[in-house]
Amino acid sequence: MKDTMDEGLIFAHSNLLKESPPNALAGILSLMSDLVVLTDNNGIITWVNTAFERRSGYNLAEAIGRHISDLTIGHASDSATFSDVAQAFAQKKIYSGETTYTAKSGAVYKVSFQMKPLHTDTGEYNGFLFMHRDVTHQRGLETSLRSERYFLTRMIDTGVSAVVAFDSVGRCVFANSEARDILDRLTRAERLCAASWPLHRIAAEPPELEGESTNTKDPLDDYPDELPFARIMRTGVPLHGMVVELLIPSMARRVFSVNAAPLRDSETTASVVMALTDITARFEAEATRRRAAAQAHFDARHDLLTGLPNGRFFSHALSNAKPPLAVLLIDIDNFRSIRTVLGRPTGDALLCAFGERLAKVLDGRGFLARSEGNSFSIRLDHVTPQAVDDIAQELRHALQRAFVLQDITVYATASIGLSYFPASTADASANADLLRQSEVANFAAKSAGGNRLAYYNTAMDTRLSRRNVIIQALRHALQENQFELAFQPKFAVPSDATANGTPLRLIGAEALLRWNAPVLGRVSPEEFIPIAEAAGVISDIDFHVMGIFARQLGRWRAKGLHNPASINLSPNSFEDSTLAPRLLDLLESEGVAAETVTVEITETSLISMSEAALANINQLRQAGINLSIDDFGTGYSSFSYLQKLIVSEIKIDKSFIHLLTTHDSDDKAASHHETRMIVRSILALARTLGIRALAEGVENTEQLAWLQQEGCHSIQGYLSGRAVGADTFERTYLRPST
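Residues numbered from 1 in each chain as written. Predicted model: local features only at pLDDT ≥ 70, side-chain atom pairs only at ≥ 80, totals over all residues. Heavy atoms only, no water.

1. Considering the overall build of the chain
Scanning the chain from N- to C-terminus turns up 26 helices and 28 strands. Looking at the 738 residues of the chain, the share that counts as buried comes to 46%. In the chain, of all internal contacts separated by at least 6 residues, the share reaching a separation of at least 24 is 63%. With an accessible surface of roughly 36800 Å², the chain has 52% of that area assigned to carbon and sulfur atoms. (Helix = DSSP H or I, 4+ residues; strand = E, 2+ residues; numbered from the N terminus. Buried < 20%, exposed > 50% of the residue type's maximum accessible area, 1.4 Å probe, protein only. Contact = heavy atoms within 4.5 Å. Areas by Shrake-Rupley, 256 points an atom, 1.4 Å probe, with all protein chains shown as cover.)

2. Examining the packing of aromatic side chains
Here the structure, examined in full by the defined rule, presents 19 aromatic pairs. Residues F82 and Y101 carry aromatic rings whose centres are separated by 6.1 Å and whose planes lie at 35° to one another, so their mutual orientation is tilted. With F82 in helix α6 (residues 79–91) and Y101 in strand β3 (residues 95–102), this pair connects stretches of sequence that are 19 residues apart. Note on accessibility: F82 and Y101 belong to one class, buried. When the centroid spacing of 5.8 Å and the interplanar angle of 35° are considered together, the rings of W556 and F729 count as tilted. You can see W556 sitting in helix α19 (residues 538–558) and its partner F729 sitting in helix α26 (residues 726–733), a full 173 residues away along the chain. F729 gets classed as buried once you look at its relative accessible area, which sits at 0%. Above the ring of Y223, the side-chain terminus of R234 is found at 3.7 Å from the ring centroid. We note R722 situated over the ring of Y718; from NZ or CZ to the ring centre the distance is 3.7 Å. (Phe/Tyr/Trp six-rings, centres within 6.5 Å; stacked < 30°, edge-to-face > 60°. Lys NZ or Arg CZ within 6 Å of the ring centre and 35° of its normal.)

3. Some remarks on unusual backbone geometry
Cis peptide bonds are those with omega within 30 degrees of zero, and the linkage from P323 to P324 qualifies with 0°. With respect to the element layout, P324 can be found in the loop between α12 (311–319) and β12 (325–332). Phi at N334 takes a positive value of approximately 55°, unusual for a residue other than glycine. Along the chain, N334 falls in the loop between β12 and α13 (335–342). Judged by relative accessible area, N334 falls into the exposed class, the value being 58%. The phi torsion at N451 lies on the positive side, around 55°, for a residue other than glycine. With respect to the helices and strands, the residue N451 is situated in the loop between α16 (428–447) and β18 (452–455). Residue classification places N451 among the partly exposed positions, given a relative accessible area of 29%.

4. Looking at α12
For α12, the complete set of buried residues consists of F313, F314, A317 and L318. On an axial view of α12, the arc spanned by its buried residues comes to 135°, and they lie on one face. (Arc of directions from axis to C-beta.)

5. Brief notes about the pattern of salt bridges
Tallied over the entire structure, the rule returns 27 salt bridges. Note that R522 is salt-bridged to E484, the shortest N-O span being 3.7 Å. Of this pair, R522 sits in strand β21 (residues 521–523) while E484 sits in strand β19 (residues 483–492), placing them 38 residues apart in sequence. One network of salt bridges, in which partners are shared, links K490, E510, E600, E649, K651, R692 and E696. (Salt bridge = Lys/Arg side-chain N within 4 Å of Asp/Glu carboxyl O.)

6. Regarding the sheet that holds strand β5 (residues 125–134)
One open sheet holds the 5 strands; their spatial order is β2-β1-β5-β4-β3, and the pairing between them is antiparallel. Unpaired on one side and paired on the other, β2 (45–48) and β3 mark the two borders of the sheet. Sheet twist, expressed as the mean angle between neighbouring strand axes with direction ignored, is 30°. As paired elements, strand β4 (residues 108–119) and β5 share 9 bridges and run antiparallel to each other. Bridge pairing in β5 links M115 to F130. (Pairing = 2+ DSSP bridges. Axes fitted to C-alpha atoms, helices over the stretch in contact; angles between N-to-C directions.)

7. Regarding the pairing of strand β10 (residues 254–262)
Burial analysis of β10 places 8 of its 9 residues in the buried class, the great majority of the element. With 7 bridges joining them, β10 and strand β11 (residues 272–278) adopt antiparallel strand pairing. Looking at the pairing, S257 lines up with T277 of β11.

8. Description of helix α14 (residues 344–362)
Here α14 contains 19 residues, and its C-alpha end-to-end distance of 27 Å stays within 8% of the 27 Å for a straight helix at 1.5 Å per residue. Among all positions in α14, only T346, G347, L350, L351, C352, A353, F354, G355, R357, L358, V361 and L362 are buried. Positive backbone phi, at 50°, marks D363, one or two positions downstream of α14. (Expected span 1.5 Å × (residues − 1).)

9. Topic: the sheet that holds β10
Strand order in the open sheet formed by 6 strands is β7-β6-β11-β10-β9-β8, and the pairing between neighbours is antiparallel. Strands at the two margins of the open sheet, each flanked by one partner only, are β7 (172–175) and β8 (199–201). Direction aside, neighbouring strands of the sheet carry axes that sit 35° apart on average. With 3 bridges joining them, β8 and strand β9 (residues 239–246) adopt antiparallel strand pairing.

10. What about the side chain of E510?
The residue E510 is located in strand β20 (residues 505–517) in this model. In this structure the side chain of E510 is engaged in a polar contact, spanning 2.8 Å, whose partner is the side chain of K651. A distance of 2.6 Å separates a polar atom in the side chain of E510 from a polar atom in the side chain of Q716. Non-local contacts of E510, meaning those with residues more than four positions away in its chain, are made with A486, F487, Q488, K490, S566, N568, E600, K651, E696 and Q716. (Polar contact = N/O pair within 3.5 Å; in protein donor to acceptor, adjacent residues only side chain to side chain.)

11. Overview of the packing of helix α20 (residues 579–589) against helix α21 (residues 611–622)
Between α20 and α21, whose axes approach to 8 Å, the crossing angle comes to 25°. Taken together, the axes of α20 and α21 lie roughly parallel to each other. Between α20 and α21, the contacting residues are L579, A580, P581, L583 and L584 on the first element and N616, Q619 and L620 on the second. When its residues are assigned to classes, the contact of α20 with α21 shows 6 nonpolar, 2 polar and no charged. (Parallel < 35°, antiparallel > 145°, perpendicular 65-115°, else oblique. Nonpolar A, V, L, I, M, F, W, Y, C, P; charged D, E, K, R; others polar.)

12. A short note on the nonpolar core
Among the nonpolar cores identified, the biggest contains 77 residues, and W515 and L707 are the most heavily contacted of them. For this core, the leading source of residues is α19, giving 10 residues. In contact with W515, other than residues within four places in its own chain, are I470, A473, L474, A477, Q482, F483, L520, G521, R522, V523 and F528. Of all hydrophobic cores here, the second largest spans 33 residues; its members include L358, L380, F403 and A412. (Core = buried A, V, L, I, M, F, W, Y, C linked by side-chain atoms within 4.5 Å.)

13. Digging into the pairing of strand β25 (residues 649–652)
The alternating pattern of β25 places E649 and K651 on one face and I650 and I652 on the opposite face, and all of these are buried. The pairing of strand β24 (residues 626–632) with β25 spans 3 bridges and is classified as parallel. Considered in β25, the bridge of I629 is made with I650. Here 4 bridges tie β25 to strand β26 (residues 692–696), and the two strands are oriented parallel to one another.

Geometric descriptors of this kind do not, in isolation, establish any biological role.
Structure follows, in structure tokens:
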């Protein structure tokens, strides 16, 4: 626009205007009809002239100290123009434009403006000069010429059953015959304003399925209840196909598809034109079909118990993911035992609670699914290794808290396998391998005892490959009689002698399984027994070893060598109803007295004892066989279990014995003190129940002395003797009975 004042005068006296607006130069500016505003470099107003006060409604006192946008921007303002103004402030440059201002009263007016930076005589910038010209009337005249034609065109273009026009406050100013039929059914109050019409928004399509996305987002998402008239008045943007229902007591429910548009340039009183097409019959039929299809689609991709995506959906979503991404596979430890003891309903409730807790911790940061059984999968997108680790640790800690399920509290741990793919590109096969890697890592976590987090590495594949080799070799070992037994002596701890005094008295031995495979060499029981249990061959091994055990005791009996012995049997084998009869028959055929035999079961297996297992135990006990609880202190057995099973012996786990004398640091000293308290409690429990207590893993005389002082009955470990073959054990420890 053209300047209406002397620029040189303004720039020469910019400091005067900034520091002393009431001076003569300010008086000159005040007489101008253009709207003049002075600001500092940040847009904070330092002075306005009388014309601006009059047009904006803000006096000088109200304006000073406020940002220019506070006194000008309104709902009708052009945001792009004000963005350019902000950039001009930042770059200290001249800018011209045209936009709409909002006065203090709420009235809008159009201005053509120019902003110029001001600077001192030394060239330092110290503010901006805004010169505005009110062009409201001029623009109004320009638009009025198009209004009538525009209005008629809009009315014709709708081409639907019912056409209504409203003024700016929602009063009906036009209605065709179909629209009048609707109006006639409304109450007087409803007819007065569009906002009072008994319309309600309803979804035109079924809800978007989880995990899927569309290329566009409906701008109405943030206003789900907004009706057509309000939408147009808020946005000024035409709408098409909004679906509403009309609920009038005197008529059946009707569904309409609504098109509406603003009449911004109309000189008439009409501000909004709206067309309604009755789609009731088509909508009801389509809605029924959509609901059935959506439910079928949802069910096919979701777990029916937890409502989470299922494994199939997870795999599909993973195939389309882009790295960097991570996959976590989470299993509930010992879930089968929990469900067996507490019942299937509680097990199902735990699965639901488990999934809910995972979702709460993730809080939208990952894609969660129930893969199968007691397994849950999580996909993390666009994450760094540190972020993956942080989330994994959050999940692990959260899952260690108790689960309160109606009237029962359940403590459950989880094994988490994690794989991470940082490459910049990936395909479906690479992502599928990522899922496999998480499964391998999860297996490693469970194999290490559970309740831990394992990160995938290539060594796990090697171990898994070895595991598969071991599974095949185990079956061959049964056929080729490759298993053998070693025997570790057990000694009584005298209550009236020191640890360094008289020799300890042999009271028996524990039979320990050994396997020397032709190809694999010697394989540790700690490695092959868990594999055998998982592969379902442990019972076959147990039944095979029971024969070796009975025959060896029979040979010693024939030589007149008395040696009570114990044998470890897997909890899985106790589920076979033939276990007790088989063992008793084997012992009887070798002439071995049942009273000289002890069967050891782990404490952790007690919680999942079924009726079949208890029946086997009762049959063995009634025949005279002793029962020993191995690894005592590591599980959750109770007085009731020990009394119910009539246990003869509890074996204190070697992890406790090791810590009895380990106290070379503050942390170990604390563990040392706590361990001694635990072992004392176990010994006290044994005395209370009248059963023997045996300490496993005794390795030094200091441990022996402490155990003797505390009243432990017997020991087993490297201090008293390692496990050796049957012939060596016989030569070293056994003497004919006299």
